[in-house]
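# Chains, contacts and geometry: an overview
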Amino acid sequence: QVQLVESGGGLVQPGGSLRLSCAASGIIFSIYAMGWYRQAPGKQRELVARITSAGNTNYPDSVKGRFTISRDNAKNTVFLQMNSLKPDDTAVYYCYAQNQRNYWGQGTQVTVSS
């Protein structure tokens, strides 16, 4: 069974930091990319970070300079360091892994509030 196990979500104050982790278990061949989407109620799903096995990264302007994605290919693990968090960052964050198909985590809630 293929599973993506996420951790690190929770409640943080505006301006604070949080680090999310996502580890892929089971057999996943030729992972091309891993990353994070987020979705808040009533809003479109948004890609917040992506990293390929070659190390290429992608961020939208909304998080650029605040979020950093990193990886450990040997462990099929991806991390998302989130700094200077804003209330608009509140969402469920979903980890994904991509080869010929996409695998998704269950999501972890990130709430930015005072």
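Our subject is the structure listed above.
Here the structure is a predicted model, which is why all the values come from computation and not from measurement. (Residues numbered from 1 in each chain as written. Predicted model: local features only at pLDDT ≥ 70, side-chain atom pairs only at ≥ 80, totals over all residues. Heavy atoms only, no water.)

Inspection of the sheet shows strand β3 (residues 18-25) paired to strand β8 (residues 77-82) by 6 bridges, in the antiparallel sense. Bridge pairing in β8 links Arg19 to Gln81. Sheet analysis places strand β7 (residues 67-72) next to β8, joined by 6 bridges and oriented antiparallel. Bridged to Ser70 within β8 is Phe79. With antiparallel pairing between neighbouring strands as the criterion, β7 and β8 make up a hairpin whose turn holds 4 residues, including Asn76 at a positive phi of roughly 50°. (Pairing = 2+ DSSP bridges. Helix = DSSP H or I, 4+ residues; strand = E, 2+ residues; numbered from the N terminus.)

Right, let's get into the packing of aromatic side chains. Considering all chains together, one arrives at 3 aromatic pairs under this definition. Ring geometry for Tyr96 versus Trp104: centroids 5.6 Å apart, planes at 40°, classification tilted. Classification of Trp104 by relative accessible area gives partly exposed; the value is 35%. Through a chain of ring-to-ring contacts, the aromatic side chains of Tyr37, Tyr96 and Trp104 assemble into a single cluster. In this arrangement the basic side chain of Arg45 is found over the ring face of Tyr37, its NZ or CZ atom lying 4.3 Å from the centre. (Phe/Tyr/Trp six-rings, centres within 6.5 Å; stacked < 30°, edge-to-face > 60°. Buried < 20%, exposed > 50% of the residue type's maximum accessible area, 1.4 Å probe, protein only. Lys NZ or Arg CZ within 6 Å of the ring centre and 35° of its normal.)

The next point concerns the sheet that holds β7. Spatially, the 4 strands line up as an open sheet ordered β1-β3-β8-β7, and their pairing is antiparallel. Looking along the sheet, the strands with just one partner apiece sit at the ends: β1 (3-7) and β7. For this sheet, the mean angle separating the axes of adjacent strands, direction not counted, is 15°. (Axes fitted to C-alpha atoms, helices over the stretch in contact; angles between N-to-C directions.)

All chains considered together, the criterion is met by 1 disulfide. With its sulfur 1.9 Å from that of its partner, Cys22 forms a disulfide with Cys95. Between Cys22 and Cys95, the S-S dihedral sits near -85°, and the bridge is therefore left-handed. Remark: Cys95 occurs in strand β9 (residues 91-98) and Cys22 occurs in strand β3; sequence separation between them is 73 residues. For the pair Cys22 and Cys95, a shared accessibility class is recorded, and that class is buried. (Disulfide = S-S within 2.5 Å.)

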